[in-house]
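Structural overview
Read off the chains here:
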Amino acid sequence: MLRSVLLTLLLLAISASGAAAQEWAKKMFKTSNHDFGSLARGAKAEFAFELTNSYEEDVHIAGVRTSCGCTTPTITKEWLKTWEKGAIVAEFNTRSFLGHKSATITVTIDKPFFAEVQLTVEGFIRSDVVFDPGAIDFGELDEGTPAERLVSVSYAGRSDWQILDVRCASSCFEVELNERQRTTGRVTYDMLVRLLPSATAGYIHDELMIVTDDQQMRSIPLTIEGRVVSPLSVSPASLFLGVLAPGQRVTKQLVVRGKQPFKVVGVKCADGCFEFKTTAESRNLHFIPVTYTASGTPGKVAETIEIQTDLGNGLSAACVATATIAQP
């Protein structure tokens, strides 16, 4: 009798431990489900399930599997140290599947102990609307360089079908829509998407929302991707000046690089404790000594240094200088 009771308690403890492990793993994910909504056939559809290791132990993602061929999951980072971020990227196959589709993605974690987390995706892939290409990819562009891409939007069904509007949360894009064909049961639009010179450096990951006159599923998303690269860079991006006594002076150096020769026309910083030395020469590479004199106020210092140049549109680069002023 006693042996039976002990065995039951042991099984309950194991079960409770397993449940705790599952909850521990689930808490790392920002969300566990995503609805792609209504998608055009051939459209690129991806969603990243972000996770963060907020624990002391290293986390190892051993694998992922899916319940449906309509979704392909991939792991961006298998090992996550404390506070490191990763993602499980779910790609919806809109070329080979149609109609409402859903999938369960099972993420297996084997370290620091075993756990499984289930993520779900769903969406409706339309057979009557086709994008060609399935996404807008601007590739890599220099900052300030305009670019444009052409997308064909084809519809099969009502002869009076219309695109009413094209919307985007970002102001960096401009869309020109032209109706190219309208015949019995078929409508085709050419959509010219422009990336404006005002786009700032960084990765592009946005959506155009195409609004139609359909009574149901009025909006259809189109993914926009790319990267805008600044022709000017400064390193280090964060300049640590050290732990300083009041009145102590320290000099560090910034390196500013350009894709073409340029002049440094000025260096701005709101803190008068900084001094800079520049040259009037035009070159691809500039070395700028930065001298900082610690004030008499203890505490942390964080100031932005802006390097102004004669490149087009007054292009500038910036870094953040930090220091700690010790108690006297």
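Thresholds applied
Residues numbered from 1 in each chain as written. Predicted model: local features only at pLDDT ≥ 70, side-chain atom pairs only at ≥ 80, totals over all residues. Heavy atoms only, no water. Phe/Tyr/Trp six-rings, centres within 6.5 Å; stacked < 30°, edge-to-face > 60°. Salt bridge = Lys/Arg side-chain N within 4 Å of Asp/Glu carboxyl O. Buried < 20%, exposed > 50% of the residue type's maximum accessible area, 1.4 Å probe, protein only. Pairing = 2+ DSSP bridges. Helix = DSSP H or I, 4+ residues; strand = E, 2+ residues; numbered from the N terminus. Axes fitted to C-alpha atoms, helices over the stretch in contact; angles between N-to-C directions. Core = buried A, V, L, I, M, F, W, Y, C linked by side-chain atoms within 4.5 Å. Contact = heavy atoms within 4.5 Å.

Now for the packing of aromatic side chains. Per the stated rule, a full pass over the model turns up nine aromatic pairs. With a centroid separation of 4.9 Å and an interplanar angle of 80 degrees, the aromatic rings of F47 and F49 are classed as edge-to-face. Aromatic pair F274 and F276: ring centres 6.3 Å apart, planes at 5 degrees, arrangement stacked. Among the aromatic side chains, those forming a connected cluster through ring pairs are W24, Y55 and F113.

When the charged atoms of two side chains lie near each other, side chains of opposite charge can form a pair. A complete count under the given rule lists 20 salt bridges for this structure. For D160, the salt bridge goes to R158, with nearest N and O atoms at 2.7 Å. With relative accessibility at 48%, the residue D160 sits in the partly exposed group. Among the salt bridges present, the one from R167 reaches D165, with a minimum N-O distance of 3.0 Å. On the basis of relative accessible area, D165 is assigned to the partly exposed category, the value being 32%.

Strands sit in the order β9-β15-β14-β11 across an open sheet of four strands; the sheet is mixed. At either end of the open sheet lies a strand with only one pairing partner, and these are β9 (136-142) and β11 (163-167). Ignoring which end each strand starts from, the neighbouring axes of this sheet average 20 degrees apart.

Turning our attention to the nonpolar core. In terms of nonpolar packing, the biggest core is built from 29 residues, with F131, F138, V153, M191 and L195 touching the most fellow members. Secondary-structure elements contributing two or more residues to this core are β8 (115-132), β9, β10 (147-156), β11, β13 (186-195), β14 (202-212) and β15 (219-229). Examining the composition of this core, we find that five residues originate from one element, β13, more than from any other. Filtering out sequence-adjacent residues up to four positions away, V153 remains in contact with V129, V130, F131, W161, I163, V187, T188, Y189, M191 and I210. Counting residues in hydrophobic clusters, the runner-up holds 26 residues, among them I61, C70, I88 and F92.

In space, the four strands of this open sheet follow the order β17-β23-β22-β19, with mixed pairing throughout. Among the strands making up the open sheet, the edge pair consists of β17 (238-244) and β19 (264-268). Direction aside, the axes of adjacent strands within the sheet are offset by 20 degrees on average. Looking at chain direction, strand β22 (residues 299-309) and strand β23 (residues 316-325) are connected through ten bridges and run antiparallel. Counterpart to E306 in the pairing with β23 is A318.

In short, geometric facts, not functional conclusions.
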